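The primary structure of each chain is shown beneath.
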Amino acid sequence: MADPPIEEFERALVSGRFFEAHEIMEDYWIAYRGDDRDFYKGLIQSAAALHHAARGNAAGASRVAARARAYLTPYAPRHGGVDVDTLLERLKRSAA
């Protein structure tokens, strides 16, 4: 299987293209069967939470961010080239 598209995912997040980031990682996750599959699911949920927050849907952002944090916390502080601690903090701020 190809390497995960982490750089492409992060570029989309940084530029505020949260829906695109979600789609990028979801395409990878669908075929992925590794032991850390929940990590990638957490990235997908993170992008969805940030998308909700950017659109002013605070309740949706909070719900999805909670799920994302649950998936990502076991992989902190860093996993798969992702600074998980920083992403968790961003999710916390976006859901507030």
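All values derive from a computational prediction rather than experimental measurement. (Residues numbered from 1 in each chain as written. Predicted model: local features only at pLDDT ≥ 70, side-chain atom pairs only at ≥ 80, totals over all residues. Heavy atoms only, no water.)

Caption draft 1: Spatial organisation of the overall build of the chain. For the chain, the helix and strand inventory stands at five helices and two strands. Helices (α) and strands (β) of the chain occur, in sequence order from the N terminus, as α-α-α-α-β-β-α. Here the C-alpha radius of gyration of the chain, 12 Å, is about what a compact globule of 96 residues would show, namely 12 Å. For the chain, the spread of C-alpha atoms along the three principal axes comes to 35 × 25 × 20 Å. Within the span of the chain, comprising 96 residues, buried residues form 40% of the whole. Nonlocal contacts in the chain, meaning residues at least 24 apart in sequence, comprise 53% of its contacts between residues at least 6 apart. When the accessible area of the chain is evaluated, it comes to approximately 5400 Å², of which 50% is carbon and sulfur surface. (Helix = DSSP H or I, 4+ residues; strand = E, 2+ residues; numbered from the N terminus. Rg over C-alpha atoms; globule rule 2.2 N^0.38 Å. Buried < 20%, exposed > 50% of the residue type's maximum accessible area, 1.4 Å probe, protein only. Contact = heavy atoms within 4.5 Å. Areas by Shrake-Rupley, 256 points an atom, 1.4 Å probe, with all protein chains shown as cover.)

Caption draft 2: Quick look at the nonpolar core. Of all hydrophobic cores here, the largest spans 29 residues; its most connected members are Tyr40 and Leu43. Breaking this core down by element, the ones donating at least two residues are α1 (6-14), α2 (18-31), α3 (37-54), α4 (58-72) and α5 (84-95). Here this core gets eight residues from one element, more than from any other, and that element is α3. Not counting residues up to four positions away in its chain, the partners in contact with Tyr40 are Pro4, Ile6, Met25, Tyr28, Trp29 and Tyr32. (Core = buried A, V, L, I, M, F, W, Y, C linked by side-chain atoms within 4.5 Å.)

Caption draft 3: Structural view of the packing of aromatic side chains. One pass over the full model with this rule turns up five aromatic pairs. Summarising the aromatic geometry, the rings of Phe39 and Tyr40 are spaced 4.9 Å apart at their centres and angled 75° between planes, so their arrangement reads as edge-to-face. Here Tyr40 falls in the buried class, since its relative accessible area comes to 4%. Through pairs of rings, three or more aromatic residues link up here, namely Tyr28, Tyr32, Phe39, Tyr40 and Tyr75. Taking the ring centre of Trp29 as reference, the NZ or CZ of Arg37 above it sits at 4.1 Å. (Phe/Tyr/Trp six-rings, centres within 6.5 Å; stacked < 30°, edge-to-face > 60°. Lys NZ or Arg CZ within 6 Å of the ring centre and 35° of its normal.)

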